[in-house]
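# Structure at a glance
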Amino acid sequence: MKTLTLLSYAINGRGMGHLVRQLAILREARRLCGALGLRVEPWVLTSSEADTLARREGVPALKMPSKSMFRDAGIEPARYLAVARGWVLQTVAGLRPDLLLVDTFPGGTFGELAACLELAPRRALIARAVRPELAEIDAYAGLLPLYDRKIIPGDALLGLDPGGGGGGGAGGGAEGAASAAVPPILSRQREELPTRAAARASLGVAEGQRAVLLTLGGGGDPEARRLLPRLVDLLRNDGWHVVIAAGPLYDGPERRGPGITWLDRYLSLELLPGVDAAVCAGGYNSVHELLYCGVPMVLLPQRRIADDQGARAAAVEAAGAGRVAARPDEVPALLNGLVEAGLDAVGARAAALIPTNGALEAAIQALSLIVPEEELRFAAAGLRPALLSSATGRALKPEQRLQLVELLGGDSPGRWRSRRAEGLRLRDEGHPVGALPERPPPRGEVDAFLALCDRHAAPAGLALSLLVELGRRWPGMRGAALAEAAALLWPVIAETDDWMGAYALLRTLPVERGAPARATLEALAAQIGAADDLYALQRAIHRTLDGDRRGLSEALATPPGAGEELP
């Protein structure tokens, strides 16, 4: 099986948004490919000093020094550009990715990508909104036709369409590049976020204490050294517990002590439910993450080449999700104004602006350049974020959720066609193959199974193992039939409160070809429900099977008294 190589280009400015977006897409791409049984090799090429984010996501990062690092080391810009351009070219040439994902700048931050785009057979641009004056220059707009798809992450507040392209669907946009508009791309789905109590425990915020997040983007802004400590003092003096996400480029004085949480790792989305409000710049990623988590904010926008933080900050205020400070001294009073307005009410307005995370759709749009879209849509239906609203779904590891989708979801369209073609071939050769399905099977019963496990407090890992064993005992039982078998057995197993005993019982049952009759499963459920000891039941079943050499279905369907009675 061919391995699909994905390379994300995340070399940008001072912030982390470009890297976070790319990792979010790679995360979903890996899930989709895993559900379809495809091998995928993700890489991220970055100059961000936050490259440990890639390590947390299990993605190898090819890291070069950032512009700030070269500047601080006293290396001449011309020398830096030569090194950077050669490094990018050699990396792309060495990996030869099936799909190249580029964030924001079609020619690369140094203009180096134009020389190596043809080394990747398929190319997608994550075309975040940029200032109109940048979008109109030839170095930006002139390179858009070199991309097969332009994926436009929405701006919940500004509604900008970058590069002059049309949004919506996979059409329109610049010449030669299909456009696909998606919601803002974020690193976690809302259903994956922890509870407020769990997030506050991670942050070390005391019960009853109001907590405010303080972040100035990547920390590389020249004013950050002076501004961040000053804001910490202002907020602490006003009674807030301050959670500081200084950013990877911050090199100013650190503040620690009572009422302060200094984050050594970069603030990730999963910690935001633990804060009551935020003080931040107006960067795309920070603002959208805070909106998504319903966190009211006070903004101190910074000047950027491509991103209009001032316009975004004004839009946050106009939407009733925060306030804009002209000076640092205004921040405490503006925060108190949010408290008086009701933090919950302001937070609800913020969360309503971003109902959906666009990472999954962005991954589908990108991968559809190399994988049939119907396959990806099929996989996405089984991996939708709503599955994580189940306690069992959250308890399962990502690879276990994929296994569950495979067991209950049926064949993907491609696998179905392959199986049908093989069946037709065997039929043509005169082999008895039975009836062939006329269309791909429907989606499975994943939601119903997770609800069943939640209802009966089934241990997540054991419940999945039990389902796997049912499929092994009766290889002909898949999808809805397997979910129906679980629905018959789980209530009686819950009554015994011996999930491990049930697992041991199923593991030792003989394999039977084909699917069991409902009567067989009902008989097995009755035997489990009547047993005082599932291990004793296991021994009794095997004595019966060895004694009369009948199949399992026949043995279980035997009325009591017709053979050796089971306990």
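Reference entry: report on the structure contained in this document. (Residues numbered from 1 in each chain as written. Predicted model: local features only at pLDDT ≥ 70, side-chain atom pairs only at ≥ 80, totals over all residues. Heavy atoms only, no water.)

Here we take up helix H11 (residues 331-341). Taken residue by residue, H11 has Val331, Pro332, Leu334, Leu335, Gly337 and Leu338 as its buried positions. Next to the buried residues of H11 lie strand E8 (211-215), helix H8 (224-237), strand E11 (277-280), strand E12 (297-299), strand E13 (322-324) and helix H12 (343-352). (Buried < 20%, exposed > 50% of the residue type's maximum accessible area, 1.4 Å probe, protein only. Helix = DSSP H or I, 4+ residues; strand = E, 2+ residues; numbered from the N terminus. Contact = heavy atoms within 4.5 Å.)

Here 6 strands make up an open sheet; going across it, the order is E10-E9-E8-E11-E12-E13 and the pairing parallel. Edge positions in the sheet fall to strand E10 (260-262) and E13, since each has one partner strand and no second. Each strand of the sheet is rotated relative to its neighbour by a mean of 15 degrees, with strand direction disregarded. Across 5 bridges, E8 lies against strand E9 (residues 241-245) in parallel orientation. Residue alanine 211 lies in a different strand from E9, and its bridge partner there is histidine 241. Each of E8, E11 and E12 is contacted by helix H9 (residues 284-292), which is oriented at about 165 degrees to E12, the strand it contacts most. (Pairing = 2+ DSSP bridges. Axes fitted to C-alpha atoms, helices over the stretch in contact; angles between N-to-C directions.)

The next point concerns the sheet that holds strand E2 (residues 39-46). Strand order in this open sheet of 7 strands is E3-E2-E1-E4-E5-E6-E7, and the pairing throughout is parallel. Each edge of the open sheet is held by one strand with a lone partner, namely strand E3 (61-63) and strand E7 (178-182). Averaged over neighbouring strand pairs, the angle between their axes works out to 20 degrees when direction is ignored. Two elements, strand E6 (residues 149-153) and E7, share 5 bridges in a ladder whose sense is parallel. Along E7, the bridge assignment pairs isoleucine 151 with alanine 180. Across the sheet, helix H1 (residues 17-35) is in contact with strand E1 (3-10), E2, strand E4 (99-103) and strand E5 (122-126); its angle to E1 comes to roughly 165 degrees.

Three- or four-residue spacings in an α-helix give side chains the same orientation, since the helix completes a turn every 3.6 residues. Across the 9 residues that make up helix H13 (residues 359-367), a large majority, 8, are buried. Taken residue by residue, H13 has Ala359, Leu360, Ala362, Ala363, Ile364, Gln365, Ala366 and Leu367 as its buried positions.

Enumeration according to the criterion identifies 25 salt bridges in this entry. One salt bridge in this structure joins arginine 31 and glutamate 28, with 3.5 Å as the shortest N-O distance. Residue arginine 31 and its partner glutamate 28 are both found in helix H1; the two are separated by 3 residues, about one turn of the helix. For glutamate 429, the salt bridge identified is with arginine 425, shortest N-O distance 2.6 Å. If you follow the salt bridges from partner to partner, you end up with Arg27, Glu28, Arg31, Arg56, Glu57, Arg188, Glu192 and Glu270 in one network. (Salt bridge = Lys/Arg side-chain N within 4 Å of Asp/Glu carboxyl O.)

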